[in-house]
Structures are given as structure tokens and as C-alpha cells.
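Letter by letter, the chains look like this.
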There are 2 protein chains.
Amino acid sequence: MTTSTARVPQEERTRAMRQRLMEATVELLVERGFSGTSTTLVSQRAGVSRGAQLHHFPTKDALVVAAVAHLTEIRGSELEAAVTRLPEGPGRTEAVVQMLGDHFASPVFTAALELWVAARTDPALLEAVAPLEQRVGRETHRLTVDLLGIDEARPGARELVQATLDLVRGLGLANTLGDDARRRRRILTQWARTLEASLQGPEVASLGRGRPRTSTTAEKESP
Amino acid sequence: MTTSTARVPQEERTRAMRQRLMEATVELLVERGFSGTSTTLVSQRAGVSRGAQLHHFPTKDALVVAAVAHLTEIRGSELEAAVTRLPEGPGRTEAVVQMLGDHFASPVFTAALELWVAARTDPALLEAVAPLEQRVGRETHRLTVDLLGIDEARPGARELVQATLDLVRGLGLANTLGDDARRRRRILTQWARTLEASLQGPEVASLGRGRPRTSTTAEKESP
């Protein structure tokens, strides 16, 4: 009994310590960027000894990758929780699209951006980041498909989901140079309308109604 | 006469030297990132003495901002030149959108990305980068409107142009972690179809035809 009750608080303390280290890392990535983030600064901010920090995360890369993965998971869960507050019916597409826009304008996106850009010129870091990036990409895609109730078997539907996610990624990048919330919301309001209209038509690719469709490019993927 | 003919080659040599410095800077930003780029490395690669380099660009920030501005202008001119090769008629929207996609996947985008991300946590650099970024943004927007022959007075049209540019920015960012050309082209093919259909309808915001429009959000900006 004594061993067991002693172990639980110890595990709890370890978990809390790892969490403080990861949160401090994300804060520093946002405030000072990848090159301005050091393990010494992280230990200081988290109130964790250098020894303990090195025990849990032996290198800066290990710490940064774990921190961004951890926070991305938390934000993913928050995103899924927010789903329950989304309206059904007419306003849903816009609510989903704006939620994704806010998600990609959050500090976690900024921290991940620092990591991606650093990984671009650092092969060891890239090896650790690429699988995380792929997994997060797949999960966000899946979540978006579910939230919007999209049938990906329809030609063009999958590409429109991908475009939505690349659009919010681009808006997230623009937002890092200055608060861009008003512009973002206006753009996403229009995109939600366009997306909804595109996905509601009899077929996704066949949207032209102002004039007859003559483009061969536009017919390549039609059923 | 002698003075005048001597001055022209001197000006020519100065111009060529500045150009070599700026090109070496962009190459190093792409290969090593902002933090891995030093004025010493730039001088070496450009084959320019440290003294001459410091005379033209006294700081790393001055050099990097000038280099990205210069290359962005060159790429802007290239983009405008490419316009003459664009088809008229049905395939034009896709050709424009794919051209923008390629533009944002180029090394100049990567160099600019390094600069933006560094500027995010460096107020002095941000002060130099922000006006450049705004000017480039305005010019690219204007060019896209012209190329697609868009009437921005139509509600929603301006937002769809902005969305197109934020989409290619997001795709450009995705491309920095690995060649993403196939996925990009597929997404942009669908985007071009959707954009064309949206801009050809009687009004941009009124796209729903699968069911009656009941969303109040979707009607906020309607005329």
C-alpha cells in the first residue's frame, strides 16, 4: 500500500513536471522563436532543475518536438470539444471554417511554425517533425470532413477540404506578422458560402452556371 | 568624356556587386535559414570583400531585407512576363491559379518565409519587413485581379481573390517541408473550378442552388 500510494504522487509529479517543461517551451517558441529558445531558459521558466530537464528531454530538439506534439494534441482535443458547441443547420459550415481559422491563428500554430521553419534546414529535426506533421494533417483533415459531413467520394470534395486547410494555414502565417483577425473572418465568411454552395450542388466539379462549361481542364475529374 | 565613360563601368560594377550580394543572401536563407545566414558567409559566397559588403549593407538585417525585396521584385516582373504566355478563355483561371501556386513554392517564397518568421520576434526587423510585405501583398492582389479580370465591386469577389492568395501562401508553407507539387496542383485545379463558377454566377455570394438559402450569415453581405 505504502509503495503504491507513494508511486502515484511521484508519477503525478513527474507528469506535472514534464507538462511545465513543455508549456514553457511553447511559450518561449512564441516569444523568442526557435533560435531564441534554449533548454536553460526552458528550465528556468518551468522551475525545473537542469538535471531533471535533461533526464526527461536530453536535447533541445527532443524537448521542442515533444512540446509541440503535446500542445497540438491538447488543441486537437479542444477542437473536438468545441464541436459540441457548433450549430447544426445553415450556420454550421461558417462556424466550422471560422473555428479552424482561429485554431490556425493560435499560439500553438506559431510554435509549430517556428518548429517547421527550423526543421526545414535541420535534417535531424525534420526527421522528428515530419511524422508529427503528417499525423496532425491527417487528423485535422478527418475532423474537418466529419464536422462538415462531407462525402469524399464526390469528385472534388476532398480537394476542397484540403484547400480549406491550406487556406487557414496561409491565414495563420499572415497572422503571425500582425493581428489579422478581421480580414481573416471576412475571407472565411465568403469561403464558407462558396464551400457550402460547391458541396451542395449536384456535383462538386460542375459549378459553372453563368455560361456553358467548355473548359477541358474542368472536366478532367468529372464522373 | 573620360570621367563619364569611367563612371559608367564603375556604376555597372557596383550594381553587379550589390546584385551578387543579394543573390548570395537569398541562396543562404534558403539553404541555412535566417539564423544560419551571416554577413561573412554572404561576402564569401558573393566573392565580395567584407569592406565593400559593409559599405553597401551595414547590417545583416539591411542585407536580408534588401535581398528579399530585390528578388521579390524580380519574381514579380517574371510573373508579369509570364502573363503574356497565359491562355485566354476557358483554361485561364486555372493557368493563373497554378502560376500563383508555383510562385509561392519558389525559393524566393522560402527566403521570404525565413525573413517573416525571424521578423516575428525581432521588432527592428519587423519594422523593415512590414512595409515590404504590405506592398508585395497589394501588388500581388492587384495582379491577380487583373489577370482574372475580376470585378471587385461584386460582393464577395475581393474576398475570393484574398482567399486565393492566402491559399497559395498556405500551400507554399506546406511545400517547404517537402515537395508538395502534385497535391498542390490537384487542389488548385479544383480551386480554379470553384473560383470560376463562383465568379461567373449572377452574384458571388448567392451560390446555393442545391437547396433554398436560409442562412442569415450567408446573406449578411448580399446586395
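Thresholds, definitions, all that
- Residues numbered from 1 in each chain as written.
- Chains lettered and ligands numbered in written order.
- Predicted model: local features only at pLDDT ≥ 70, side-chain atom pairs only at ≥ 80, totals over all residues.
- Heavy atoms only, no water.
- Helix = DSSP H or I, 4+ residues; strand = E, 2+ residues; numbered from the N terminus.
- Buried < 20%, exposed > 50% of the residue type's maximum accessible area, 1.4 Å probe, protein only.
- Contact = heavy atoms within 4.5 Å.
- Areas by Shrake-Rupley, 256 points an atom, 1.4 Å probe, with all protein chains shown as cover.
- UniProt positions renumbered as here; feature names shortened; annotations may be inferred.
- Salt bridge = Lys/Arg side-chain N within 4 Å of Asp/Glu carboxyl O.
- Axes fitted to C-alpha atoms, helices over the stretch in contact; angles between N-to-C directions.
- Parallel < 35°, antiparallel > 145°, perpendicular 65-115°, else oblique.
- Left-handed = near helix turned anticlockwise from the far one by under 90°.
- Nonpolar A, V, L, I, M, F, W, Y, C, P; charged D, E, K, R; others polar.
- Expected span 1.5 Å × (residues − 1).
- Bend = angle between axes of the 7 residues up to and from the residue.

Draft legend 1. Quick peek at the overall build of chain A. On a plain count of helices and strands, chain A comes out with nine helices and zero strands. Tracing chain A from N to C terminus, the helices and strands come up as α-α-α-α-α-α-α-α-α. The buried share among the 223 residues of chain A stands at 51%. Residue pairs at least 24 apart in sequence account for 64% of intrachain contacts in chain A once pairs closer than 6 positions are excluded. Carbon and sulfur atoms make up 54% of the accessible area of chain A, which amounts to about 10300 Å² in all.

Draft legend 2. Examining the UniProt feature "DNA-binding region" (unreviewed entry) in chain A more closely. This chain's UniProt record puts "DNA-binding region" (unreviewed entry) on residues 38-57 of chain A. In residues 38-57 of chain A, helix accounts for 75% and strand for 0%; the two terminal C-alpha atoms are 12 Å from one another.

Draft legend 3. Geometry of the pattern of salt bridges. All told, the structure shown has 32 salt bridges over all chains when counted by the stated rule. Salt-bridge contacts for Asp102 of chain A lead to Arg185 of chain A; the nearest nitrogen and oxygen are separated by 2.8 Å. A residue pair is termed long-range when its members are at least 10 positions apart, and Asp102 of chain A in helix H5 (residues 92-103) and Arg185 of chain A in helix H9 (residues 181-200) qualify at 83 residues. Assessed through its relative accessible area of 34%, Asp102 of chain A is described here as partly exposed. A salt bridge links Glu88 of chain B to Arg92 of chain B, with the nearest nitrogen and oxygen atoms 3.4 Å apart. On the basis of relative accessible area, Glu88 of chain B is assigned to the exposed category, the value being 63%. It is possible to trace a salt-bridge network through shared partners that takes in Arg142, Asp146, Glu152 and Arg158 of chain A.

Draft legend 4. Just the packing of helix H6 (residues 107-120) of chain A against helix H7 (residues 123-148) of chain A, in detail. Residues and elements named next belong to chain A. Between H6 and H7, the shortest axis-to-axis distance is 8 Å and the interhelical angle comes to 135°. Taken together, the axis directions place H6 and H7 in an arrangement best described as oblique. Every pair of crossing elements has a handedness; the one defined by H6 and H7 is left-handed. Contact residues: H6 offers Leu115, Trp116, Ala118 and Ala119, while H7 offers Leu125, Leu126, Val129 and Glu133. Taken together, the residues of the contact of H6 with H7 break down into seven nonpolar, no polar and one charged.

Draft legend 5. Looking closely at the environment of Ala157 of chain A. Residues and elements named next belong to chain A. If you trace the backbone, Ala157 turns up in helix H8 (residues 157-175). Given the relative accessible area of 1%, Ala157 is considered buried. Along the backbone, Ala157 and Leu195 are 38 residues apart, and their C-alpha atoms lie at a distance of 9.4 Å.

Draft legend 6. Focus on the environment of Gly47 of chain A. Mapped onto the secondary structure, Gly47 of chain A falls in the loop between helix H2 (39-46) and helix H3 (50-56). Each C-alpha atom, one on Gly47 of chain A and one on Ala24 of chain A, is 9.4 Å from the other, the two residues being 23 residues apart in sequence.

Draft legend 7. Inspection of the packing of H5 of chain A against H8 of chain A at higher detail. Residues and elements named next belong to chain A. Contact geometry for H5 and H8: axes closest at 8 Å, N-to-C directions at 40°. It follows that H5 is oblique to H8 by the angle criterion. As for how H5 packs across H8, the hand of that crossing is right-handed. Between H5 and H8, the contacting residues are Val97, Leu100 and Gly101 on the first element and Thr164, Leu165 and Val168 on the second. Split by residue class, the contact of H5 with H8 holds four nonpolar, two polar and no charged.

Draft legend 8. Here's a closer look at helix H4 (residues 60-82) of chain B. Helix length check: H4 of chain B, at 23 residues, gives a terminal C-alpha distance of 32 Å against a target of 33 Å (1.5 Å per residue), a fit within 8%. Those residues of H4 of chain B that fall on the buried side of the exposure criterion are Leu63, Val64, Val65, Ala67, Val68, Ala69, Leu71, Thr72, Leu79 and Ala82 of chain B.

Draft legend 9. Seen up close, H7 of chain A. Residue and element names in this part refer to chain A. Over its 26 residues, H7 runs 37 Å from end to end, which matches the ideal 38 Å to within 8%, given 1.5 Å per residue. At Val129, H7 shows its largest kink, close to 30°, and the proline Pro131 lies no more than four residues downstream. The set of residues buried in H7 consists of Leu125, Val129, Leu132, Val136, Thr140, His141, Leu143, Thr144, Val145, Leu147 and Leu148. Against the buried residues of H7 lie helix H4 (60-82), H5, H6, H8 and H9. Looking one or two residues past H7, Gly149 carries a phi angle of roughly 60°, positive in sign.

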